[in-house]
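Residues per chain, in single letters:
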Amino acid sequence: VQILNGDAAGGFALGQLIPLPEVDSEYALAKPLSLIATDLNADGRTDLLVEDSVVGFFEPDLQTHVLLGTPQGQLSVTTTYIGRDFGYAAAGDLFDSGIELVAGGIFDMDGDLRADWIGSDSVLGLCVFPGNGDGTFGAPSAIGYSGSDRVTVQPSEIVVLPAADGLSSLLLLSSVKDPDTGNVLNRTKVTLFDQTVSGHYELASQLEVDGSLFPGQQTKLQSRAGGQHGLELRVSVVDTAVNTASTVFYRLEISANQQLTAVPLPLSIPGAFVNSVDGDFDGDGISDTAIVTANASDLSQGTDLRILLRNATVAGTDPVRTTTTLAEPPGNNPTCVIPALIDSDAFMDVLSVSPSTNTLNYHRALGDGRFAAPETISVGATPQSVTTLDFNFDGFTDVITANSGSDSISVLTGTASGSLVRQSDIVVGQSPRVVLSADFNQDERMDLLVTLPGDFAVNILYGTAEGTLAAATPIGLDLPPEFATVADFNGDSFPDVAVSGPNATFVHILLGSADGLQYAPVVGLTTTVRQLLTEDIDQDGRFDLLISTGNGQLLACHQDNVGTLGDPERIAGYDPSPQVSIATGRPEWIPAGSDFASSQLAW
C-alpha cells in the first residue's frame, strides 16, 4: 500500500510504502484489491482495512489485512484474516467454508461504540464481524445463507418491499454455481430479510426454486412488486444434455409471519430468459409482458421476442390468455426492449434494438393483442440503448438510439401516421452509452445528455425553438462516464445531473441553470463508484443522491433545506457481485441501513 502525503499547495509526495504479508506458497500470488480508511480502534487515528485477491491453487480466495495508525503518522500491519476453502487453516482464521470475503463496510452494528465489519461471502451471504475495539474482530455472525449444500451462491438482485410502518423487507435473488466448475446450476436462491426498528436487516426465511439466473440479466422484479402481477419471478431452466432451454414463472408469496413460498405458475416459454418488460399491449387494463429469450447454445444473445397477453392475477387461473411471437428480422438479436406509445393510440407498442444488425425494430400494437409486421429501421452501428421523448414538441413520440459502433446517436421522429422516420445521425463522440432527456435550462424544450466513456466527457444537445437539436456542447470530465442520473439536487427547479464511471473515486455534479448545465463541486469518495441513483430516502421532499461503491458501501448525499448536497454518509455495506457492470444492465444490489426511517428505494 502506497501512501501519498498531501501538501499545502494541493500536490502530493510519495510517503510510506507498506508491504503486505505474502501468501505462504510458491503457487499463489496476492494482489491488493480494495481498501477502507477509518478509525478501527477509536484512538483518533486513521486505520486501513485492505483486501487481497489471491490467485493460485489450494489457497485462500481472499485475505484481509488490518493496518493501524501509529502516533508517528505511520501505518502498521497488525492482523491478517484469511479465507480458506475447507476447515480452519491456521490460528486466527475466522472462516471455514469457501468464503469470498469483501471489505464491505465499517460501522457500529450493535451500538457498543466499536467499529464492526460487514462483508459478503459466497456461502454465508451477509456476515457481521463484531469489533473488539482494538482493531481486531470477533467470529462472524451470518445473516444470509446456509453453506451446507457446498455450492457457491452469487447474489445478483435485491428488491425493496416497503411496509406501512415505515420499515421495509428485502428480497435477495442469488444464482447458484458449482464451486469446482463455476457453472451456473438450475437453482435460484431467494432470501427474505426483515428490517428491525434499529434499521438493520435480519434473515426471515429463504427457499430455492428450479431455474437459474445468469450473469448480465435483470429480472426487473422490483418493477412488478407493486403491480398487478406482484412478485412474479422469471428464471431459466437449461438442459445441457439435449441443449434446450425454457423460461419458467413463479409467484413469490410472503406470509404474515414473513415466511416465503414459491408457487409455480402453469406457464413455460421456450428459450432461456434474457429480459422482459411489462405494459398494457391490448388496452384491456391488465399489464401484459414482452419477453426476450435465447437458445441454449448462446445464452447471451436474444433470439425471440414474445408478447404474453395476461389475465388478471387470480389464484387458480391461467396467467396467460394468449402468447404471440413477434417476428424479428433474420439475424436480429434483440437486447434492449422498451414499451412506448408511438402511434398516439391507447395501445402500448414495443421497441427493440439489435446491435448485430444495427436496427431499431418497431412493433406496432393493433389494439386486440395483435401486432403489425415489424418496421425495421436502420440506425447507427451497434445500438446500445433506446429512449423516447418529444424533442420537437409536435405531440408525437420521437426515438433516440445510442450507437457505440459509429460514435453517434440516431434521431427518429414520430409522425401523425404513427410511423418513425430516421431524420439524422449526430456524431457525439466516442462510444456513446447512455442517453438521458430533461429540460436542463427550463426553456420548455427537451434536451439530451449523452455519456461518452471514450472521450471522458458528456455531450449536451439542447432543444431549439425550431424543434431541432442544437450542436453538441461537450463537458469534459475526469473519468469515463458510464453512470448518470437526473434530479433537482439543489431545489432550484432546474434538473441536475450526477455522473461517474467504474473505478472512479468521485462523482461529478452538473447543475442545471438558465444557461444550461454547469460544473459544481465533485462529491469525493474513499472508494470506487458502481452505480448512481436518486431517491428521497429521508422523506423530506428533496432528492438525495445514492452511490453504491466498489467495496460494497451504499452512500447517501442528503440535500438540506437550503439546497446543498451534503457529504456522502455510509448507509450500508454489502457487495454481492464485485464485477458488476452497470453499462450492460447488470445491477448491483445493496440493502438499505439504519440512518433513516423509510427505506423505499427503487433499484
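Conventions and cut-offs
Residues numbered from 1 in each chain as written. Predicted model: local features only at pLDDT ≥ 70, side-chain atom pairs only at ≥ 80, totals over all residues. Heavy atoms only, no water. Helix = DSSP H or I, 4+ residues; strand = E, 2+ residues; numbered from the N terminus. Buried < 20%, exposed > 50% of the residue type's maximum accessible area, 1.4 Å probe, protein only. Contact = heavy atoms within 4.5 Å. Areas by Shrake-Rupley, 256 points an atom, 1.4 Å probe, with all protein chains shown as cover. Pairing = 2+ DSSP bridges. Axes fitted to C-alpha atoms, helices over the stretch in contact; angles between N-to-C directions. Lys, Arg positive; Asp, Glu negative; His and termini not counted. Salt bridge = Lys/Arg side-chain N within 4 Å of Asp/Glu carboxyl O. Patch = residues over 30% accessible without salt bridge, like charges linked within 9 Å, V, L, I, M, F, W, Y side chains within 5 Å.

K.L.:
Please explain the overall build of the chain as it appears in this structure.
P.N.:
Within the chain, the regular secondary structure consists of one helix and 41 strands. Looking at the chain as a whole, 54% of its 603 residues qualify as buried. Long-range contacts, defined here as pairs at least 24 residues apart, represent 42% of the contacts in the chain between residues at least 6 apart. As displayed, the chain has an accessible area near 24000 Å², and 53% of this comes from carbon and sulfur atoms.

K.L.:
Help me out: how do you make sense of the sheet that holds strand E35 (residues 496-500) in this one?
P.N.:
Pairing between sheet strands relies on hydrogen bonds along the backbone, with the strands arranged either parallel or antiparallel. Read across the open sheet, the four strands follow the order E34-E35-E36-E37; overall the sheet is antiparallel. Strand pairing shows two members of the sheet lacking a second neighbour, strand E34 (483-487) and strand E37 (518-524), which therefore form its edges. The mean inter-strand angle of the sheet, taken between neighbouring strand axes irrespective of direction, is 20 degrees. For strand E36 (residues 506-511) and E37, the ladder comprises five bridges, and the chain directions are antiparallel. Bridge assignment links Leu511 to a residue of E37, and that residue is Gln518.

K.L.:
When you look at the environment of Asn243 in this model, what are you seeing that I'm missing?
P.N.:
Considering the arrangement of structural elements, one finds Asn243 in the loop between strand E15 (232-239) and strand E16 (244-254). For Asn243, a relative accessible area of 47% translates into the label partly exposed. When the C-alpha atoms of Asn243 and Asn295 are compared, they prove to be 8.4 Å apart, with 52 residues separating the residues in sequence.

K.L.:
Explain the pairing of E34 to me, please; I cannot follow it from the model alone.
P.N.:
When a strand is regular, its side chains alternate between the sheet's two faces. Counting buried positions along E34 yields four of five residues, so the element is predominantly enclosed. Pairing geometry for E34 and E35, over five bridges, is antiparallel. The residue bridging Val486 from the neighbouring strand is Val497, located in E35.

K.L.:
It is not clear to me how the side chain of Asp398 should be interpreted in this structure. Could you clarify?
P.N.:
Along the chain, the position of Asp398 falls in strand E27 (residues 398-403). Notably, Asp398 is buried but unbridged: the nearest opposite-charge side chain belongs to Arg445, and the N-O separation is 13 Å. Among all residues touching Asp398, those that are not within four sequence positions of it are Thr387, Thr388, Leu389, Asp390, Phe391, Asn392, Leu412, Thr413 and Gly414.

K.L.:
Looking at this structure, how should I read unusual backbone geometry?
P.N.:
Peptide bonds are mostly trans, and most non-glycine residues show a negative phi. Residues other than glycine seldom take positive phi values, yet Phe393 does so here, at roughly 40 degrees. Tracing the chain through its elements places Phe393 in the loop between strand E26 (383-389) and E27. Here the phi dihedral of Ser493 falls at roughly 80 degrees; this positive angle occurs in a residue that is not glycine. Structurally, Ser493 is set in the loop between E34 and E35. Among the residues examined, Ser493 registers a relative accessible area of 49% and is labelled partly exposed.

K.L.:
I keep staring at the pattern of salt bridges and nothing clicks. Help me out?
P.N.:
Pairing is possible between side chains that carry opposite charge, provided their charged atoms lie close to one another. Enumeration over the complete set of coordinates arrives at 12 salt bridges. Arg187 is paired through a salt bridge with Glu208; the nearest N and O atoms lie 3.1 Å apart. Of this pair, Arg187 sits in strand E13 (residues 184-195) while Glu208 sits in strand E14 (residues 201-210), and the two are 21 residues apart along the sequence. By relative accessible area, Arg187 is classed as partly exposed at 27%. Beyond isolated ion pairs, a larger network of salt bridges with shared partners links Arg187, Lys189, Glu208 and Asp210.

K.L.:
When you look at the sheet that holds strand E21 (residues 320-326) in this model, what are you seeing that I'm missing?
P.N.:
Strand order in the open sheet formed by four strands is E18-E19-E20-E21, with antiparallel pairing between adjacent strands. The outermost strands of the open sheet, each flanked by one partner alone, are strand E18 (272-279) and E21. Taking the axes of each pair of neighbouring strands and ignoring which way they run, one obtains an average angle of 20 degrees across the sheet. Relative to strand E19 (residues 288-294), E18 runs antiparallel, the two sharing seven bridges. By the bridge assignment, Val277 is partnered in E19 with Ala290.

K.L.:
Before we go on, may I ask you to explain the pairing of strand E20 (residues 304-310) in this structure?
P.N.:
Across the seven residues that make up E20, a large majority, six, are buried. In terms of strand pairing, E19 meets E20 through five bridges, oriented antiparallel. The residue of E20 that forms the bridge with Ile291 is Arg306. The sheet contact formed by E20 and E21 spans six bridges and is antiparallel. Among the inter-strand pairings, Leu308 is bridged to a residue of E21, identified as Thr323.

K.L.:
Got a minute to help me understand a nonpolar patch on the surface in this structure?
P.N.:
A cluster of nonpolar residues, Leu4, Phe12 and Leu14, forms a patch on the protein surface that exposes about 380 Å² of accessible area. Position of Leu14 among the secondary structure elements: in strand E2 (residues 12-17). With a relative accessible area of 68%, Leu14 lands in the exposed category.

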